[in-house]
Amino acid sequence: MQTKKQLAVNTLRALSIDQIDAANSGHPGLPLGAAPMAWALWSGALQFEKSDRNWVNRDRFILSAGHGSALLYSLFHVFGLGLEAEDLKNFRQLHSKTPGHPEYGHTDWVETTTGPLGAGISTAVGFAMAETRLAALYNEEGMNLIDHHTYVLCGDGDLMEGISNEASSIAGTLELGKLIVLYDSNNITIEGDTSLSFKESIADRYRALGWQVLTVEDGTDVDAISKAIEEAKEETKKPTMIEIKTVIGYGSPLAGNAGVHGAPLGEEKNLATKKALGYDVAPFTVSDEVKEYVNEILAEKKKNYDAWKEMEGRYKESYPEKYKAFIAHYDTEAQDLSFMDEESFWKPVEKDMATRASSHEILQRVAAGMGNLFGGSADLAPSNKSDIKGAGQYSVKNREGANINFGVREHAMAAIVNGIYLHGGFRSYGATFLVFSDYMKPQIRLAALMGLPVSYILTHDSIGVGEDGPTHQPIEHLTMLRSIPNAITIRPADSTEVAAAWYTAMHSKDKPVSLILTRQTVPELDGSSKDALKGGYILKKEEAKLELILIASGSEVQLALDAAKAIETESFGVRVVSMPSQELFELQSKDYKEAVLPKDVRHRVAMEAGATMSWYRYVGLDGMVLGIDTFGASGNAKEVFETFGLTTEGVTIAIKEYLNRR
């Protein structure tokens, strides 16, 4: 006779392998091995309330090993969190609530999209940082609005990915004691035993990173796992890694074999597994005994929730203004941004400067008006001008600080920025040089996939970097960013367009926004305006019949203006279009786009100090793009621009030659 715990654990196992066999696709190895740790956490320490999905003080659970999604869906089903048996039967089917990997915004109760290994555990660091800062800002003695944990279930593959080490290092440095990781340690990956490529002691590595490390030798011992979780909660100054030794595919004929990682068991092995587990319940069914058991557990969890709600009422009464500020900042989608419509926000800077510098000035306006910005740089704040003045550095000694020192960790930075926003309470951003967005790309992609309106300050945007040479001069990076679906890239030409970029970033509801900024000084332009919010606009209207359109972004807009002045005649009109954002321009009406770029004007030249690929959609077969499709060169920035023909004289000659060929 199985105990209630054993029956519940085996229910999770059975539901998981039934899903995978129904789909004839999936990963049964993790759910069979990790079900005991999942049950230990969800039935015990994990605090949530099924009637209040968005409870701000719920514990967060992240399945970093996202390929084990069948286990997560089984948990949701057993605990009554929105998934029915029919949803499980449609596992991995088109438009179902149970996709192959957990998707934030698609399946309720999924805290973050996972699947790319290492992303979940790294994003979790952002959750934990947000929790500590909110607690520091809003908790009062005896009334903790924010006091919860972030739990992660990860596997060997997560800990092989470099991003997990980057993020775990900063988590240890920041003493994020409420971050607890359950490590499904089974020594198997797709290709076989982990010893083929992974021999270090995880325990020693994490101790070196500043973590507490606990070990559970028997991954089927629910009580031992629960005890380890409680011990982890008692440690407040170190995050905790609980290494739980498991057998992949436990109970199946393929237990301990790499073959069970990512292939369905099939009917025969499915039945053999259930027989070995002593489980005799119909497929996709939860027994009445388990249902009753779960209801008892949920009733206990609700007592904690009710106690918190009572405390929240007392807090609201005792600190009405503080509570109002908390709610206003937590609900970022409903935040009052009216200050960005005031003329003071749009006031141009007083002198010509690099857009990284004007961005710094406008960032201060944004931070003052928002009140809930939280972000920083990958060890480049003095160069990319990304700090909020007077806001302090977020640290162990100053949890209220708004400026994060991410260290040289671009990949982890981008994941942490995602996690901060997903937790709730802050608008988050990260900053580095544009060329290092290569390191960030996987997490920018996840932000776009999840629809997160996080922001990236990406400076030193071209060969204008100069002496640092081709390793630091971005060429293809704008094209890369523009290729990401559901993301916005803005390369402003002066401070007015920088203001438009920040306005766009803070008003975005469902898209990450990249601000692409210069190192070198650029002039304040006559005619630049709020029309930059439309992505592209007429900066200089032609003085005669329109014959040629020049299109540019960023530092090359001034080149376009200079070339237009040199080329335009009384009978040959030249229009200059500033296009800081192709994505925003594409969102405009057909009539607006036609008014800016009339189809019957086929003489068009685009110019940008980067790869030419993304501009052909605007110049067409008859047009020309002046850019750089090779790597850069080391030297004085002025000389490098001359080498690539991106000077007033160079572009003017090229445009005249182009017109002569027409």
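Residues numbered from 1 in each chain as written. Predicted model: local features only at pLDDT ≥ 70, side-chain atom pairs only at ≥ 80, totals over all residues. Heavy atoms only, no water.

Brief notes about the overall build of the protein chain
Turning to step 1, where the next piece is worked out: A tally of regular secondary structure across the protein chain gives 25 helices and 20 strands.
Turning to step 2, where the next piece is worked out: What you see for the protein chain is a C-alpha radius of gyration of 28 Å, in line with the 26 Å of a compact globule of 662 residues.
Turning to step 3, where the next piece is worked out: Restricting to contacts in the protein chain with at least 6 residues of sequence separation, those with at least 24 account for 78%.
Turning to step 4, where the next piece is worked out: Summed over its atoms, the accessible surface of the protein chain is roughly 25600 Å², and 49% of this surface lies on carbon and sulfur atoms.
Turning to step 5, where the next piece is worked out: Across the protein chain, 66 positive and 90 negative side-chain charges occur, with their mean positions spaced 2 Å apart. (Helix = DSSP H or I, 4+ residues; strand = E, 2+ residues; numbered from the N terminus. Rg over C-alpha atoms; globule rule 2.2 N^0.38 Å. Contact = heavy atoms within 4.5 Å. Areas by Shrake-Rupley, 256 points an atom, 1.4 Å probe, with all protein chains shown as cover. Lys, Arg positive; Asp, Glu negative; His and termini not counted. Charge placed at Lys NZ, Arg CZ, Asp CG, Glu CD.)

Examining the UniProt feature "active site" (unreviewed entry) in the protein chain
Turning to step 1, where the next piece is worked out: The feature "active site" (unreviewed entry), as given by UniProt, occupies Glu410 in the numbering adopted here.
Turning to step 2, where the next piece is worked out: Within the secondary structure, Glu410 is located in helix H16 (residues 410–423).
Turning to step 3, where the next piece is worked out: By relative accessible area, which is 7% here, Glu410 ends up buried.
Turning to step 4, where the next piece is worked out: If near-sequence neighbours (up to four positions away) are discounted, Glu410 is found in contact with Glu166, Ala378, Thr432, Phe436, Tyr439 and Met440. (UniProt positions renumbered as here; feature names shortened; annotations may be inferred. Buried < 20%, exposed > 50% of the residue type's maximum accessible area, 1.4 Å probe, protein only.)

Re the nonpolar core
Turning to step 1, where the next piece is worked out: Counting residues in hydrophobic clusters, the biggest one holds 79 residues, and the most contacted among them are Phe345, Trp502, Leu550 and Ile655.
Turning to step 2, where the next piece is worked out: At eight residues, the largest contribution of residues to this core is made by helix H19 (residues 495–507).
Turning to step 3, where the next piece is worked out: Structurally, this core is a two-domain feature, drawing no fewer than three residues from each of domain 2 (338–516) and domain 3 (534–661).
Turning to step 4, where the next piece is worked out: Not counting chain neighbours up to four residues away, the residues in contact with Leu550 comprise Ala560, Ala563, Ala564, Val574, Arg575, Val576, Val577, Val605 and Ile655. (Core = buried A, V, L, I, M, F, W, Y, C linked by side-chain atoms within 4.5 Å. Domains from an automatic or database assignment.)

Some words on the sheet that holds strand S13 (residues 488–490)
Turning to step 1, where the next piece is worked out: Read across the open sheet, the six strands follow the order S10-S9-S11-S12-S14-S13; overall the sheet is parallel. In the strand order of this sheet, the two ends are held by strand S10 (403–405) and S13, each with one partner. In this sheet, adjacent strand axes meet at a mean angle of 20° when their direction is disregarded.
Turning to step 2, where the next piece is worked out: Pairing of strand S9 (residues 373–377) with strand S11 (residues 427–433) involves five bridges; the strand directions are parallel. Bridge pairing in S11 places Leu373 opposite Arg427.
Turning to step 3, where the next piece is worked out: Running over the sheet, helix H14 (residues 355–370) touches S9, S11 and strand S12 (455–459) and is turned about 155° from S9. (Pairing = 2+ DSSP bridges. Axes fitted to C-alpha atoms, helices over the stretch in contact; angles between N-to-C directions.)

Topic: the UniProt feature "site: Important for catalytic activity" (unreviewed entry) in the protein chain
Turning to step 1, where the next piece is worked out: Under the feature "site: Important for catalytic activity" (unreviewed entry), the UniProt entry names His27 and His261. Across 235 residues, the annotated set stays spatially compact, with a maximum C-alpha separation of 5.4 Å.
Turning to step 2, where the next piece is worked out: For His27, the location among the structural elements is in the loop between helix H1 (4–23) and helix H2 (29–45).
Turning to step 3, where the next piece is worked out: In this structure, His27 is in contact with Ile20, His67, Arg92, His261 and Gly262, ignoring residues within four places of it in sequence.
Turning to step 4, where the next piece is worked out: With respect to the helices and strands, His261 occurs in the loop between strand S7 (240–245) and helix H10 (266–277).
Turning to step 5, where the next piece is worked out: By relative accessible area, His261 is classed as buried at 13%.
Turning to step 6, where the next piece is worked out: Leaving out residues up to four positions away in the same chain, His261 has contacts with Gly26, His27, Pro28, Gly29, His67, Ile190 and Ile248.

Section: the domain arrangement of the protein chain
Turning to step 1, where the next piece is worked out: With domains assigned, the protein chain is organised as domain 1 (4–301), domain 2 (338–516) and domain 3 (534–661).
Turning to step 2, where the next piece is worked out: In this assembly, 30 residues from domain 1 lie in contact with 31 residues from domain 2.
Turning to step 3, where the next piece is worked out: In this assembly, domain 1 packs against domain 2 so that about 2600 Å² is buried in total across both faces, 67% of it on carbon and sulfur atoms.
Turning to step 4, where the next piece is worked out: Its largest share of buried area at the contact with domain 2, domain 1 owes to Met129, Arg133 and Glu166, together 24% of the area lost on that side.
Turning to step 5, where the next piece is worked out: Linking domain 1 to domain 2 there are zero salt bridges. (Buried area = accessible area lost by both parts, 1.4 Å probe. Salt bridge = Lys/Arg side-chain N within 4 Å of Asp/Glu carboxyl O.)

Digging into the sheet that holds strand S17 (residues 546–552)
Turning to step 1, where the next piece is worked out: Judged by pairing direction, the sheet is mixed, and its five strands sit side by side in the order S16-S18-S17-S19-S20 without closing on themselves. Of all strands in the sheet, those with a lone pairing partner are strand S16 (537–540) and strand S20 (624–626), marking the two edges. Sheet twist, expressed as the average angle between the axes of neighbouring strands with direction ignored, equals 30°.
Turning to step 2, where the next piece is worked out: Bridge count between strand S19 (residues 604–607) and S20: three bridges; the pairing is parallel. Bridging from a neighbouring strand, Val605 pairs with Met624 of S20.
Turning to step 3, where the next piece is worked out: Relative to the sheet, helix H25 (residues 648–661) contacts S17, S19 and S20, its axis offset from that of S20 by approximately 165°.

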